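# Coordinates in review
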Amino acid sequence: MNTATTPEVPVTDYVHGYSPRESRRLGDQADTLAQLLHTGTAYPAGSRVLEVGCGVGAQTVHLLRSSPGARIVAVDRSPETLARARAHLAAVAPGAPVEWQQADVFDLPFADAEFDHVFVCFVLEHLPDPQGALTALRRVLRPGGSLTVIEGDHGSVFFHPDSADARAVIDLQVRFQAAAGGNALLGRQLQPLLAGAGYEDVVARPHTVYTDRTRPAWVDGFTRNTFIAMVESVRHQALGAALTTRAAWDRGIADLHRAADDGTFHYTFFKALAVNPPASPTASP
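Anyway, here's the lowdown on the structure attached to this text. Per chain, residues are indexed from 1 in the order of the written sequence. For a predicted model such as this one, the threshold for reporting local features is a pLDDT of at least 70, and the threshold for listing and counting side-chain atom pairs is 80 or more; totals across whole chains, interfaces and linings nevertheless cover every residue. No hydrogens and no water enter the side-chain calculation; it runs on all heavy atoms of the structure.

### Quick word on the overall build of the protein
Secondary structure elements are taken from DSSP: a helix is a run of H or I of four residues or more, a strand is a run of E of two residues or more, and numbering for both begins at the N terminus. Helix and strand content of the protein: nine helices and seven strands. Buried means the residue's accessible area, taken with a 1.4 Å probe over protein chains only, is under 20% of the maximum for its type, while exposed means over 50%, and partly exposed covers the values in between. Going through the 285 residues of the protein one by one, you find that 52% of them count as buried. We call two residues in contact when some of their heavy atoms are within 4.5 Å. Intrachain contacts of the protein at a sequence separation of at least 6 include 82% that bridge at least 24 residues. Using the Shrake-Rupley algorithm and a 1.4 Å probe, accessible areas are obtained, with residue cover drawn only from the displayed protein chains. With an accessible surface of roughly 12700 Å², the protein has 54% of that area assigned to carbon and sulfur atoms.

Here is the structure:
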C-alpha cells in the first residue's frame, strides 16, 4: 500500500473517532478476537497489571476473565472514554476489581516499578512515538516484569475477489491514520521496537484471521463488524478532502462486502511478549 503521502486535512488523534458506533466496533473486535489474541495471556492472582489505552474497556473484560484475582489498573487519557469503559464493565462485569485512571502513557502518575505486568493492545499504532511510549513504560514495570503488546498490520490484508477499489479505500484509512500521527502497518515492527526500547527476551508472533462462508461468525465478527466498519470510519474525511469520489468509495466498500459474502479475507495481527531487564549495576569507582 502506498503510504508515502498523507492527506493535508485535519484529523482527530484517534482516526476512527469516538462515536457510539466505534464503541460497538471495538466491542465486536475484542469479543471476536478474544481467543485468538488473549490465549496465553493470564496474570497470577495478586499481581498488579497496567492496561494502557484501555479505551471503552473492550479488552479489559477479557483480561478480567483470563486473570481472576489480578489487580488491574486501566488507563486512558480521555475522560469520556473512561466513563464509557466504567459503564461497559458495570454492565458486563458488575463489581469487577478494576482501578480506573486518566493519564497519558508519556506521563504516568505511578511510582517506579509499581506494576508486575503491562498490557498494551491496539494503542501504539495511534502514537507518533511508539518506541518512546515503550521506553516510558519500563519505568513503571518492575525489573523482570512482562510487557504484552498486540497490534494489527493493514499491509497484511488480502482478499478474493481482489479489487483495486477495495484496496484504494483501505489505503485511504492507512493514510489518514498516518496523518493523525499513527501507523496502521505497525504490527510488523513490534520486535525491533521492543528491542530498541531496551526490553529483553522479546518474542513476536503472527496471529492470522482467515474468513470465508464456512466461518460465518468470523465473517460477521471480524470482516464486516471489525475491519470493514473500521475502514468506513474515515469515509467522511476521505470525501471531505476530495481524495476519492462517492461512487469510487461506495464501489470499494461494496467489493469488501463481496469478499465477505462470497469470497475470502485474510488479516494478520502481531503479539509480542517482552521482559523488562534488571537495572544495570553501578560500576565501582
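### Some details on the side chain of Ser 67
Residue position: Ser 67 is located in the loop between α2 (58–66) and β2 (71–76). Each polar contact in these results corresponds to two N or O atoms within 3.5 Å; when the atoms are within protein, one needs to be able to donate a hydrogen and the other to accept it, and residues that are neighboring in sequence are counted only if both atoms are side-chain atoms. Within the local environment of Ser 67, its side chain forms a polar contact with the backbone nitrogen of Tyr 43, the two atoms lying 2.7 Å apart. Excluding residues that lie within four positions of it along the chain, Ser 67 makes contacts with Thr 41, Ala 42 and Tyr 43.

### Side note on helix α3 (residues 79–92)
To estimate how far a helix should extend, the number of its residues minus one is multiplied by 1.5 Å. The end-to-end C-alpha separation of α3 is 20 Å, in line with the 20 Å expected for 14 residues at 1.5 Å each. Among the residues of α3, those classed as buried are Thr 81, Leu 82, Ala 85 and Leu 89. Buried residues of α3, seen end-on, are gathered within an arc of 100° and therefore sit on one face of the element. Exposed residues pointing more than 90 degrees away from the buried face of α3 are listed as Glu 80 and Ala 91. Directions drawn from the helix axis to the C-beta atoms are what define this arc.

### Points about the packing of helix α7 (residues 216–232) against helix α9 (residues 246–262)
Interhelical geometry of α7 versus α9 gives an angle of 170° and a closest axis separation of 10 Å. Comparing the axis directions of α7 and α9 gives the class roughly antiparallel. Helix-helix and strand crossings are classified by hand; for α7 and α9 the assignment is right-handed. Touching Val 219, Thr 223, Arg 224, Ile 228, Val 231 and Glu 232 of α7 are Trp 249, Ile 253, Leu 256, His 257, Ala 260 and Asp 261, all from α9. Across the contact of α7 with α9, the residue classes tally to seven nonpolar, two polar and three charged. Helix axes use the C-alpha atoms of the stretch in contact, all axes being lines fitted to C-alpha atoms, and the angles between their N-to-C directions lie in the range 0 to 180 degrees. Our angle categories are set so that under 35 degrees counts as roughly parallel, over 145 as roughly antiparallel, 65 to 115 as roughly perpendicular, and the remainder as oblique. Left-handed describes a crossing whose near helix is turned anticlockwise from the far helix through less than a right angle; right-handed describes the clockwise counterpart. Each residue receives one of three labels: charged for Asp, Glu, Lys and Arg, nonpolar for Ala, Val, Leu, Ile, Met, Phe, Trp, Tyr, Cys and Pro, and polar for the others, Gly being one of them.

### Things to note about the environment of Val 231
Topologically, Val 231 is positioned in helix α7. Measuring from C-alpha to C-alpha, the distance between Val 231 and Ile 253 comes to 8.4 Å, with 22 residues separating the pair along the chain. Residues within four places of Val 231 in sequence aside, it is in contact with Val 169, Ile 170, Gln 173, Trp 249 and Ile 253.

### Overview of the layout of surface pockets
Both site types are read off a 1 Å grid over the protein atoms alone. A 1.4 Å probe that fits but cannot get out defines a cavity, while an open set with protein on both sides within 12 Å along at least five of seven lines defines a pocket; lining residues have an atom within 4 Å of a point. Grid points are joined across faces, edges and corners, and a volume is the space filled by probe spheres set on the points. Here the second largest pocket defines a volume of roughly 180 Å³. Along the walls of the second largest pocket sit 13 residues, with Gly 40, Thr 41, Thr 148, Lys 271 and Leu 273 positioned nearest its centre. Contributing elements (two or more residues each) for the lining of the second largest pocket: β5 (141–160), β6 (200–211) and β7 (264–275). Here the residues of the lining of the second largest pocket are counted per class, giving five nonpolar, six polar and two charged.

### Observations regarding the environment of Asp 171
Relative to the assigned elements, Asp 171 resides in helix α5 (residues 164–179). Here Asp 171 falls in the buried class, since its relative accessible area comes to 14%. The spatial distance from the C-alpha of Asp 171 to the C-alpha of His 154 is 8.6 Å, given a sequence separation of 17 residues.

### Observations concerning unusual backbone geometry
Of the consecutive residues His 160 and Pro 161, the connecting peptide bond is found in the cis state with omega at -5°. Structurally, Pro 161 is set in the loop between β5 and α5. With a phi close to 55°, Ala 242 is a non-glycine residue in the positive phi region. Relative to the helices and strands, Ala 242 is located in the loop between α8 (235–240) and α9.

### As for the packing of α2 against α3
Closest axis-to-axis distance for the α2/α3 pair is 9 Å, and the angle between their directions is 45°. It follows that α2 is oblique to α3 by the angle criterion. The element α2 and its partner α3 pack so that their crossing is right-handed. Mapping the contact onto sequence places Ala 58, Thr 60, Val 61 and Leu 64 in α2 and His 88, Leu 89 and Val 92 in α3. Among the residues forming the contact of α2 with α3, the class breakdown is five nonpolar, two polar and no charged.

### Here's the deal with the pairing of β7
Counting buried positions along β7 gives nine out of twelve residues, so the element sits mostly inside the fold. In this sheet, β7 lies alongside β5 in antiparallel orientation, the contact comprising eleven bridges. Each residue of the ladder has a partner; that of Thr 148, found in β7, is Leu 273. Here, any two strands with at least 2 DSSP bridges between them count as paired.

### Points about the environment of Tyr 43
For Tyr 43, the position within the fold is in the loop between α1 (20–38) and β1 (48–52). Given a relative accessible area of 8%, Tyr 43 falls into the buried group. For the pair Tyr 43 and Leu 64, spaced 21 residues apart in sequence, the C-alpha separation works out to 9.4 Å.

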